[in-house]
Amino acid sequence: MRPRKQAAPFERRNMTLKLIVWRQKNPDEKGQFETYTARNITPDHSFLEMLDVVNEELIREGKNPIAFDHDCREGICGMCSMVVNGIAHGGHERTTVCQLHMRKFKNGDTIYIEPWRARAFPILFDLVTDRSALDKIIEAGGYISCHTGGVPDGNDILISKTAGDYAMDAAQCIGCGACVAACPNGAAMLFTGAKVSHFAALPQGQVEAPERVAAMVKAMQECGFGNCSNHYECEAVCPKGIHTKFISRMNREFLKALFKENTGTFTPSEK
Amino acid sequence: MIGRKALVAATGVVMLLFVLAHSFGALSVFTGPNGINAYAQALQNLGPLLLAFRAVMVFVLILHVTFAIMVTATNWKAKPDRYAVRRTRVATFAGETMLWSGLLLLAFIVCHILQFTLHATPDVVIRIDAQGRLDVFAMMRESLRLAPVSIAYLIAMSALFLHLFHGIQSVSQTIGLLNEKTKPMFQIAGITLSTLLLLGYGTIPLMILAGMGVFGK
Ligand code: HEM
Ligand code: FES
């Protein structure tokens, strides 16, 4: 028997990267790109940790660190938000940018880092955008308006496995806004569609389905989001893999609602 | 916003049906002068019905164009700043150029009506055939024999191809019929129909230019 080749000893190769980052001091100032060098980056660093390393150096030099949103850093909260080389969250399937690791990059790479761009998401500073427009959409109808009591007993309200799975798929959304960032029209239809479909699939949500979809679509419009042209860019970048069938469902619910009387549950300010 | 887009989709479907029906009429040119002249005469015999139909189609077209431009304007406003690095993952060229292929189609539709419906362009040859009907066959052959006219038709048909390549599958999403199962079906339908229309309409100017088949003499 031939002796097995000895595996090469584990080697940690540090990387040096060129970063071209959007810097903006405040919402009104016109921002610009600045170039930085990221040194001593290991393949195990997450993308945000890589920025932490850069920021520490900036702080040591007495410069302003690069501001970016983050919280859980484990892909569940939806806070982290940046466009890496033209793709929201960096373009690795079902991966938030906090879960993107530097092993996906090569030593010497140039990386463009930009904030989410959409009229409804004004830039606050650097890579931080104001995504409260998404909250406005939820406020408009992303809930059930009556008290539903405590947790119901199992099988008290019958929900088929298919409907349950469908609602859970829609409820996966973490509200990061990557769909809006990736949409050439700055539309929030994947986000809103997921919420509308989630409720429309379940008996508790069905009662108010027509009012909900009308109110949420109106809020979407008022916040300055665009309209879906069916490019499906949103689905391609969604870290939770939300399917565009939920946009289709929202369209259907909306068109159905046109033929129903609106009781106005979710539109207190109107009529 | 969803309502407007649904109107674009509904009017788009009406025009798609028209374009399909119209292609059969146009393709009857391959059956020679007798075929297409008889077909044209039959349409003319509808009299007021034909006029009413034309009025409806013009109305549908105006609705489509108006709402499509309104929707596109909102979309542009919602995305004022572009990324420095522009990369798309799944969007198609056809999808991104809907407004431009649409405007090209609009220009074509206007010219096409001026030419073959109103006979207002200088290239149009009006003859009466042996049965006393308008010789549509000769009219088409004489006009499309001019290379610039033929090329314009081919460009317009490419625009139609692009518009429907994206448009047909897009309708399924707009009116709420899309899911994992139907998405590939609508995509295949879109590619097939748009390709068939391109081939069908495209062969007419090509055959006339080449002087092949019934256009030989
Ligand atoms: C033969 C004529 C035409 C046909 C058959 C046609 C068909 C369609 C169809 C099926 C759609 C897809 C609707 C959807 O996405 O749900 C569409 C969209 C569109 N059409 Fe047309 N169309 C025609 C002419 C025009 C013209 C003349 C314009 C001129 C402006 C135009 C502009 C648009 C635009 C901008 C959209 C995309 C709207 C969006 O999603 O943002 N179309 N068309
Ligand atoms: S920081 Fe929570 S999802 Fe990325």
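Calculation rules
- Residues numbered from 1 in each chain as written.
- Chains lettered and ligands numbered in written order.
- Predicted model: local features only at pLDDT ≥ 70, side-chain atom pairs only at ≥ 80, totals over all residues.
- Helix = DSSP H or I, 4+ residues; strand = E, 2+ residues; numbered from the N terminus.
- Buried ≥ 20, exposed ≤ 12 C-beta atoms within 10 Å, placed from the backbone.
- Contact = placed C-beta atoms within 7 Å.
- Domains from an automatic or database assignment.
- Nonpolar A, V, L, I, M, F, W, Y, C, P; charged D, E, K, R; others polar.
- Arc of directions from axis to C-beta.
- Pairing = 2+ DSSP bridges.
- Axes fitted to C-alpha atoms, helices over the stretch in contact; angles between N-to-C directions.
- Parallel < 35°, antiparallel > 145°, perpendicular 65-115°, else oblique.
- Left-handed = near helix turned anticlockwise from the far one by under 90°.
- Expected span 1.5 Å × (residues − 1).
- Near = placed C-beta within 6 Å.
- Core = buried A, V, L, I, M, F, W, Y, C linked by C-beta atoms within 7 Å.

### Describing the overall build of chain B
No. 1: The secondary structure content of chain B amounts to eight helices and zero strands.
No. 2: The order of α-helices and β-strands along chain B, N terminus first, is α-α-α-α-α-α-α-α.
No. 3: Overall, the C-alpha framework of chain B stretches about 60 × 40 × 35 Å when taken along its three principal axes.
No. 4: Each of the 217 residues in chain B was classed as buried or not, and the buried ones make up 28%.
No. 5: Long-range pairs, those at least 24 residues apart, make up 73% of the contacts in chain B with a sequence separation of at least 6.

### Some remarks on the overall build of chain A
No. 1: For chain A, the count of helices and strands is nine helices and seven strands.
No. 2: Referenced to the eigenvectors of the C-alpha coordinate spread, the extents of chain A come out at roughly 70 × 65 × 35 Å.
No. 3: When each of the 271 residues of chain A is scored for burial, the buried share is 45%.
No. 4: Residue pairs in contact within chain A that sit at least 24 positions apart in sequence constitute 71% of those at least 6 positions apart.

### Some words on the domain arrangement of chain A
Residues and elements named next belong to chain A.
No. 1: You can read the domains of chain A as domain 1 (15-125) and domain 2 (133-257).
No. 2: One C-alpha centre belongs to domain 1, the other to domain 2, and the line joining them spans 29 Å.
No. 3: Here the side of domain 1 that touches domain 2 is built from residues that sort into nine nonpolar, six polar and three charged.

### A short note on helix H2 (residues 132-141) of chain A
No. 1: Of all the positions in H2(A), only A:Ala133, A:Leu134, A:Ile137, A:Ala140 and A:Gly141 are classed as buried. Each buried residue of H2(A) lies within a common arc of 115° when the element is viewed along its axis, so the set occupies one face.

### Considering the sheet that holds strand E4 (residues 87-88) of chain A
The strands making up a sheet associate through backbone hydrogen bonding, with each pair oriented either parallel or antiparallel.
Residues and elements named next belong to chain A.
No. 1: Spatially, E2-E1-E5-E3-E4 is the arrangement adopted by the five strands of the open sheet, whose pairing is mixed. Lying at the two open borders of the sheet, with one neighbouring strand each, are strand E2 (32-41) and E4.
No. 2: Looking at chain direction, strand E1 (residues 15-23) and strand E5 (residues 110-114) are connected through four bridges and run parallel. Pairing of Lys18 across the sheet is with Thr110, part of E5.
No. 3: Against the sheet, helix H1 (residues 47-60) touches E1 and E2, its axis set at about 100° to E2.

### What about the packing of helix H5 (residues 98-117) of chain B against helix H7 (residues 147-174) of chain B?
All names here are of chain B.
No. 1: The N-to-C vectors of H5 and H7 enclose an angle of 140°; their axes lie 9 Å apart at closest approach. The pairing of H5 with H7 is recorded here as oblique in orientation. As H5 packs across H7, the resulting crossing turns out to be left-handed. Between H5 and H7, the residues in contact are Met98, Ser101, Gly102, Leu104, Leu105 and Phe108 and Ala156, Ala159, Leu160, Leu162, His163 and His166, respectively.
No. 2: A per-class count over the contact of H5 with H7 returns eight nonpolar, four polar and no charged.

### A short note on helix H3 (residues 48-78) of chain B
Residue and element names in this part refer to chain B.
No. 1: In a regular helix each residue adds 1.5 Å, so 31 residues correspond to 45 Å; H3 covers 45 Å between its end C-alpha atoms and thus fits that length.
No. 2: Among the residues of H3, those classed as buried are His64, Phe67, Ala68, Val71, Asn75 and Ala78.
No. 3: Along its buried surface, H3 packs onto helix H1 (2-27) and H5.

### Remarks on the environment of B:Ser172
Residue and element names in this part refer to chain B.
No. 1: For Ser172, the position within the fold is in helix H7.
No. 2: The buried category is assigned to Ser172, around which 22 C-beta atoms lie within 10 Å.
No. 3: Remark: the alpha-carbon pair of Ser172 and Thr182, spanning 10 residues in sequence, is separated by 8.4 Å.

### So, the site of ligand 1
No. 1: Surveying the vicinity of ligand 1 reveals 27 residues, the closest of which are B:Gly12, B:Gly102, B:Gly167, B:Ser170 and B:Thr174.
No. 2: The environment of ligand 1 is shared, with nearby residues belonging to chains A and B.
No. 3: Breaking the shell around ligand 1 down by element, the ones donating at least two residues are H1, H3, H5 and H7 of chain B.
No. 4: Here the shell around ligand 1 takes seven residues from H1(B), the largest share from any one element.
No. 5: Classifying every residue of the shell around ligand 1 gives 17 nonpolar, 10 polar and no charged.

### Quick look at the interface of chain B and chain A
No. 1: Taken together, the contact between chain B and chain A spans 34 residues of the former and 39 residues of the latter.
No. 2: Contributing elements (two or more residues each) for the side of chain B that touches chain A: H1, H3, helix H4 (93-96) and H7 of chain B.
No. 3: The greatest single-element share of the side of chain B that touches chain A, amounting to five residues, is contributed by H3(B).
No. 4: Residues of the side of chain B that touches chain A, tallied by class, amount to 15 nonpolar, 10 polar and nine charged.

### Examining the environment of A:Ala88
Residues and elements named next belong to chain A.
No. 1: Here Ala88 is to be found in strand E4.
No. 2: Sequence spacing of Ala88 and Lys218 is 130 residues, and the spatial spacing of their C-alpha atoms is 26 Å.
No. 3: For Ala88, the contacting residues outside a window of four places in its chain are Val83, Ala178, Ala181, Ala182 and Val237.

### Things to note about the pairing of E1(A)
No. 1: Where E1(A) meets E2(A), eight bridges bridge the pair, whose relative direction is antiparallel. Its bridge partner lying in E2(A), A:Trp22 is registered against A:Phe33.

### Structural notes on unusual backbone geometry
No. 1: Notably, A:Asn85 is not glycine yet its phi reads approximately 50°, a positive angle.
No. 2: Residue A:Asn85 is classed as partly exposed on the basis of its C-beta count, with 18 C-beta atoms lying within 10 Å.
No. 3: We note that B:His119 has phi near 55°; this positive angle belongs to a residue other than glycine.
No. 4: Position of B:His119 relative to the elements: it lies in the loop between H5 and helix H6 (136-144).

### Regarding the nonpolar core
Soluble globular proteins tend to bury their nonpolar side chains together.
No. 1: Core analysis: the largest hydrophobic core is formed by 80 residues, its most contacted members being A:Ala120, A:Ile137, A:Cys179, A:Val180, A:Ala188, A:Leu190 and A:Met216.
No. 2: The greatest single-element share of this core, amounting to eight residues, is contributed by helix H7 (residues 209-222) of chain A.
No. 3: Split by domain, this core shows at least three residues from each of two domains, domain 1 (15-125) and domain 2 (133-257) of chain A.
No. 4: A:Val180 has contacts with A:Trp116, A:Ala118, A:Ala120, A:Phe121, A:Gly186, A:Ala187, A:Ala188 and A:Phe225, leaving out every residue within four places of it along the chain.
No. 5: Of all hydrophobic cores here, the second largest spans 28 residues; its members include B:Val29, B:Phe137, B:Leu160 and B:Leu162.

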